[in-house]
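Letter by letter, the chains look like this.
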Amino acid sequence: MQVLAVEGRWARCRGRDGDQQIDLCLVGDVQPGTWLMTFLDAARSVMTAEEAAQSSAALDALAAVLAGTDDVSTYFADLIDREPQLPDFLKVAP
């Protein structure tokens, strides 16, 4: 969701399903325009615009699958034509 206005520990935000009041206790101060990962009316983390777009595309892919689509590659353009990257803690030491 994107922050529209902040009032104390609450933000009025706009997301896929309209506007909501979001609790900011877990993320602290934010400014209008900030993107937030939210769950159960609370902000869980601050996101970049790119992360928000990727999350939105993933939700679009889920909706497409639920509607019967079997090819979701267009929703994951950032993953096409690249090798998966392991996090450092899973890599084998040389």
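Residues numbered from 1 in each chain as written. Predicted model: local features only at pLDDT ≥ 70, side-chain atom pairs only at ≥ 80, totals over all residues. Heavy atoms only, no water.

### Topic: the nonpolar core
Taken as a class, soluble globular proteins show a tendency for nonpolar side chains to be buried jointly. Residues Met1, Val3, Ala11, Cys13, Ile22, Leu24, Val30, Leu36 and Ala43 constitute the largest nonpolar core, which totals nine residues. Contact partners of alanine 11, with chain neighbours within four places excluded, come to Val3, Ala5, Val6, Gln20, Gln21, Ile22 and Leu24. (Core = buried A, V, L, I, M, F, W, Y, C linked by side-chain atoms within 4.5 Å. Buried < 20%, exposed > 50% of the residue type's maximum accessible area, 1.4 Å probe, protein only. Contact = heavy atoms within 4.5 Å.)

### Describing helix 1 (residues 49-66)
Its 18 residues give helix 1 an end-to-end C-alpha distance of 26 Å, which sits within 8% of 26 Å, the value for a rise of 1.5 Å per residue. The complete set of buried residues in helix 1 reads Ala52, Ala57, Ala61 and Ala64. Positive backbone phi, approximately 110°, marks glycine 68, located one or two places after helix 1. (Helix = DSSP H or I, 4+ residues; strand = E, 2+ residues; numbered from the N terminus. Expected span 1.5 Å × (residues − 1).)

### Re the environment of valine 3
Secondary-structure assignment places valine 3 in strand 1 (residues 2-7). For valine 3, a relative accessible area of 2% gives the class buried. Considered as a pair, valine 3 and glutamine 20 are 17 residues apart in the sequence and their alpha carbons are 9.6 Å apart. When neighbours within four sequence positions are excluded, valine 3 is seen to be in contact with Ala11, Arg12, Cys13, Val30, Gln31, Pro32, Gly33, Thr34 and Leu36.

### Considering the pairing of strand 1
Both strand 1 and strand 2 (residues 10-15) contribute to a ladder of five bridges, which runs antiparallel. Within the sheet, the bridge partner assigned to glutamine 2 lies in strand 2 and is arginine 14. Linkage of strand 1 to strand 2, two consecutive antiparallel strands, is achieved through a turn of two residues, within which glycine 8 is found at a positive phi near 65°. (Pairing = 2+ DSSP bridges.)

### Some words on the pattern of salt bridges
Enumeration according to the criterion identifies four salt bridges in this entry. Between arginine 14 and aspartate 19 there is a salt bridge; the shortest N-O distance is 2.7 Å. Look at aspartate 19 and you get partly exposed, because its relative accessible area is 38%. (Salt bridge = Lys/Arg side-chain N within 4 Å of Asp/Glu carboxyl O.)

### Let's talk about the side chain of threonine 34
Along the chain, threonine 34 turns up in the loop between strand 3 (18-23) and strand 4 (35-39). Look at threonine 34 and you get buried, because its relative accessible area is 17%. When neighbours within four sequence positions are excluded, threonine 34 is seen to be in contact with Met1, Gln2, Val3 and Val46.

### A closer look at unusual backbone geometry
The residue leucine 40 is not glycine, and still its phi comes out positive at about 50°. On the secondary structure map, leucine 40 appears in the loop between strand 4 and strand 5 (42-47). With phi around 65°, aspartate 41 is a residue other than glycine that occupies positive phi space. Assignment of secondary structure puts aspartate 41 in the loop between strand 4 and strand 5. Note on aspartate 41: relative accessible area 42%, which makes it partly exposed.

Honestly, it's all geometry; don't read function into it.
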